[in-house]
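An overview of the molecular structure
Listed below are the residues making up each chain.
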Amino acid sequence: MALKFFNTLSRSLQEFVPLVPSGKKVGMYCCGPTVYDLAHIGNFRTFVFADLVRRYLEFRGFEPQHVMNVTDVEDKIIRHVRSAQIPLREYTGKFEQAFLEDLRTLNCRAPHQTPHATEFIPEMIALIEKLVARGVAYRTPDGSVYFSIEKYRAAGGQYGQLVHLDFENLRVGERVRSDEYAKESVADFALWKGRVPEDGAVFWPSPWGEGRPGWHIECSAMSMKLLGTSFDLHLGGEDLAFPHHEDEIAQSEGCGLHTPGQHFVKYWLHAAHLLVEGKKMSKSLGNFFTLRDLLTKGYTGREVRHLLLTAHYRESFNFTLEGLAASRTALSRIDECLAKLTELAETHTAPPAPELVQRFTEALDDDLNAAAAWGAVFEWVRQCNKALADHTMAPAAAAAALSAWRKIDEVLGISPAAAAETAPAEMLALLDARQAARKAKAFKRADSLRDEIKAKGWLIEDTPKGPKLKRNA
RNA sequence: GGCGGGGUAGCCAAGUGGUAAGGCAGGGCUCUGCAAAAGCCUUAUGCGUCGGUUCAAUUCCGACCCUCGCCUCCA
């Protein structure tokens, strides 16, 4: 069976074949954060999704080159920097660090490269110069440069590859302020924005005067510089398909760097939005969560990661605190099973048992059907538990099961990082005292010792092999 | 108004032209001195509504209802 992705370009499931079919190298670009504030849990759905793609490609033997940009110059950033009277880098650096920390909390593998928009200004200018030279971009009196969709189309460019909008009759929404810039056409978009007083200290010199780059051009400049003019995968949230990605295609393919028939990106993958309690996240509804909000409530990164990975990425997913609690219980089920397998396997080693790996692979090959993959995982857990309870599993089989788990967890990334906490001597002493009391049939004393241990944060789990202590979560 | 997703048990969520994965919650049981923990078993004659095609529809087609998103800030 082959790996298939839903390509937004074709609106269909397509087998994934890298641009260089014989090789393993895969260029993968994911639109990263705009670092003007803490990212919220909806943003992280997309980044956990990108991590899933990257990890699964690695699992399937590819060598993805994962690039995620950091947008560190943009309207909101400029506004904040100006009102706070601090250097751009100081402001954005803070949120970038927080973002990268959050990614680690969610156990996302660090992208191989995280280019900053502000470090690619010359590359952006070079692209804009090409577009101007080819006649598909024009300068306006205020020192801005716009991309002309009409001229791009006249030159043979195809606009509207990702979304099917009626560009002749675009409804002019309230967001389009016609007085903002002197655009020739409402659909044209800014490549370069001429400097205005509100920009404060945020500007760069350019052939068109001082100013700053438009929003879309950074992704074209950085992706083509780092991955080549044509690369395999481009990911992002569904809201980016238009206008961001559509414009990215236009300005990239409009530079004349591609040979006939060659495209900027082969596969476009878009993650659907996260809803919170059935509604789009908004601060006024009070359903706006950052990762840190959830950590404060006592949830962990792996629980959030699990929840974000339970649904298929192309379906909008309803995030609830109840769901997060369900993730916690579900994960502990896996943890218990792994602990028992580990105990049985002792020092045995074995290659991965094939069944779990196979079912897992079949699920994810099918456009990353993570929900089906979890189904395979939990059926495996049940089978293991049953065999463990019946004592029909040999140590070597337990080792093989663990190997299989470790293999798929390279993709899932939810194994507990640290080994289970060992109980302090005080607890062990109390436990011994309880055992002695039980043996003497002094159950009242035994129960009060149990309560005491519980009050100190530990649970006694009486098993056929004797009592065990577990941290009471 | 245009375009695109969805509506599957109490909640979340896969899936299929031949009779519904998985998780949480609920119920039963095992273990236990009793509990707890853990484990096992179990839980939708039904897949928004109404028609149509078919030997057979939750799945295909049509209409309708509801809902979410995008339509130049957006993950």
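What you see is a predicted model; the values in this text were computed from it and never measured.

1. Re the overall build of chain A
Looking only at helices and strands, chain A features 15 helices and 15 strands. Along the first, second and third principal axes, the C-alpha set of chain A runs to 95 × 50 × 35 Å. Burial status across chain A gives 38% buried among its 473 residues. A fraction of 74% describes how many contacts in chain A between residues 6 or more apart in sequence connect residues 24 or more apart.

2. Overview of the sheet that holds strand β13 (residues 317-319)
With mixed pairing, the three strands of this open sheet are ordered in space as β12-β11-β13. Taken across any chain shown, the strands that pair with only one partner, and hence form the sheet edges, are β12 (279-280) and β13. Both strand β11 (residues 274-276) and β12 contribute to a ladder of two bridges, which runs antiparallel. Counterpart to leucine 275 in the pairing with β12 is lysine 280.

3. Quick word on the protein's contact with RNA strand B
Neighbouring RNA strand B are 69 residues, the closest being Gly42, Ala187, Gly237, Gly375 and Asn385. Ranked by the residues each element gives to the surface near RNA strand B, the list is headed by helix α12 (residues 370-390), at ten residues.

4. A few points about the nonpolar core
For soluble globular proteins, the rule of thumb is that nonpolar side chains tend to be buried together. Val48, Val53, Ile128, Phe147, Leu191 and Ala401 are the most contacted members of the largest nonpolar core, which has 113 residues in total. Not counting chain neighbours up to four residues away, the residues in contact with phenylalanine 147 comprise Leu131, Val136, Ala137, Tyr152, Asp188, Phe189, Leu191, Asp247, Ala250 and Gln251. Counting six residues, the second largest nonpolar core, distinct from the first, contains Leu430, Leu431, Ile453 and Ile460.

5. Some points on helix α2 (residues 75-84)
Inspection of α2 places Ile77, Ile78 and Val81 among the buried residues, and these make up the whole buried set. Down the axis of α2, the sector holding all buried residues measures 100°, keeping them to one side. Turned more than 90 degrees off the buried face of α2, the exposed positions are Lys76 and Ser83. Contacts from the buried residues of α2 go to α3 (88-105).

6. Description of the domain arrangement of chain A
Per the domain assignment, the segments making up chain A are domain 1 (7-271), domain 2 (276-412) and domain 3 (425-471). Its C-alpha centre places domain 2 at a distance of 31 Å from the equivalent point of domain 3.

7. Details of unusual backbone geometry
Of note, the bond from phenylalanine 242 into proline 243 is cis; its omega dihedral lies within 30 degrees of zero at 0°. Within the secondary structure, proline 243 sits in helix α7 (residues 241-253). Of note in this structure, asparagine 107 is not a glycine but carries a positive phi near 60°. Residue placement: asparagine 107 occurs in the loop between α3 and α4 (121-133). Take asparagine 107: there are 18 C-beta atoms within 10 Å of it, and that puts it in the partly exposed class. The phi dihedral of histidine 391 falls on the positive side, at around 60°, and the residue is not glycine. Positionally, histidine 391 belongs in the loop between α12 and α13 (395-412).

8. Some thoughts on the pairing of strand β3 (residues 25-30)
Two faces, one strand: in a regular strand the side chains alternate between the faces of the sheet. Within β3, five of the six residues are buried, which leaves it mostly tucked inside the rest of the structure. Considered for its hand, the β-α-β crossover made up of β3, helix α1 (residues 41-59) and strand β4 (residues 63-68) is right-handed.

9. Topic: the pairing of strand β1 (residues 4-7)
A one-sided burial pattern is seen for β1, the buried positions being Phe5 and Asn7 and the unburied ones Lys4 and Phe6. Linking β1 back to strand β2 (residues 12-15) in an antiparallel pair, the connection comprises four residues, with arginine 11 at a positive phi of about 50°.

The rules behind each value
Residues numbered from 1 in each chain as written. Chains lettered and ligands numbered in written order. Predicted model: local features only at pLDDT ≥ 70, side-chain atom pairs only at ≥ 80, totals over all residues. Helix = DSSP H or I, 4+ residues; strand = E, 2+ residues; numbered from the N terminus. Buried ≥ 20, exposed ≤ 12 C-beta atoms within 10 Å, placed from the backbone. Contact = placed C-beta atoms within 7 Å. Pairing = 2+ DSSP bridges. Near = placed C-beta within 6 Å. Core = buried A, V, L, I, M, F, W, Y, C linked by C-beta atoms within 7 Å. Arc of directions from axis to C-beta. Domains from an automatic or database assignment. Right-handed = clockwise from strand over helix to strand, strands pointing away.

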